[in-house]
Amino acid sequence: DGAAEAARQVLDLLEEGEYPDIAVQALIRQARVAQLTQESDDDGAAAELLARAERLTQVAGAADAWCYVLLTQARECLSRDDAERAEGLLVQAMAGFEQIPFLVGVAEARAELASLMHRQGRLLEAIEVVEAGLVVLEAPELFVSIAPYQQSVFTYQLAELRQTGSRICAELGEGSRA
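How each quantity is defined
- Residues numbered from 1 in each chain as written.
- Predicted model: local features only at pLDDT ≥ 70, side-chain atom pairs only at ≥ 80, totals over all residues.
- Heavy atoms only, no water.
- Helix = DSSP H or I, 4+ residues; strand = E, 2+ residues; numbered from the N terminus.
- Contact = heavy atoms within 4.5 Å.
- Axes fitted to C-alpha atoms, helices over the stretch in contact; angles between N-to-C directions.
- Parallel < 35°, antiparallel > 145°, perpendicular 65-115°, else oblique.
- Left-handed = near helix turned anticlockwise from the far one by under 90°.
- Nonpolar A, V, L, I, M, F, W, Y, C, P; charged D, E, K, R; others polar.
- Salt bridge = Lys/Arg side-chain N within 4 Å of Asp/Glu carboxyl O.
- Buried < 20%, exposed > 50% of the residue type's maximum accessible area, 1.4 Å probe, protein only.

**Some words on the side chain of Glu87**
Turning to its location among the elements, Glu87 is positioned in helix α5 (residues 83–99). Ignoring sequence-local partners within four residues, the contact set of Glu87 consists of Leu113, Leu116, Met117, Gln120 and Arg122.

**Quick word on the packing of helix α6 (residues 103–119) against helix α7 (residues 123–137)**
α7 packs onto α6 with a crossing angle of 165° between their chain directions and a minimal axis gap of 8 Å. When the interaxial angle is binned, α6 and α7 end up roughly antiparallel. Where α6 crosses over α7, the two elements pack in a sense that is left-handed. The residues of α7 that touch α6, namely those facing Leu103, Val106, Ala107, Arg110, Leu113, Ala114, Met117 and His118, are Leu123, Glu125, Ala126, Val129, Val130, Ala132, Gly133, Val136 and Leu137. Taken together, the residues that form the contact of α6 with α7 break down as 13 nonpolar, two polar and two charged.

**What to know about the pattern of salt bridges**
Using the criterion set out here, one finds six salt bridges in the structure. One salt bridge connects Glu87 with Arg122, and the closest N-O pair in it is separated by 2.7 Å. With a gap of 35 residues between them, Glu87 in helix α5 and Arg122 in the loop between α6 and α7 connect regions that are remote in the sequence. Owing to a relative accessible area of 18%, Glu87 belongs among the buried residues under this scheme.

Printed below as a string of structure tokens:
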């Protein structure tokens, strides 16, 4: 796959300990590709890549990268039907992104957490996650603080969060809330 190969090439070019933030991003990208293409779950390739990325985030002191490691680990857990661990990781990632603050990550983590709760039938908890996120994320002055190259990702994640909220509201029979 092209994305995984590009990430491997980046890692090959870096010396040990050089640009740990970039190495973390490449490792996360490789792990995400492994998850999406469902490359041999049995050998734990994605989990190994994420463990390596987690170690590097400690070296780099990159809080946003660490939160993305947590988010990607949560997705790995979901792919193995470990919803309980995934939820804990999503809550950690969401709190970390909010503390930084990194709005693209906040939107992504909240959308993932709300979707998980929705799938589990925990509609009231899920809509609370959505609504609390929308209060923060829909503030127009915040959009300006998002880097131009991330604005389309943020817009997409915000739309995902709104869509999840609308589905939950419909199931709750609260059309006016949506």
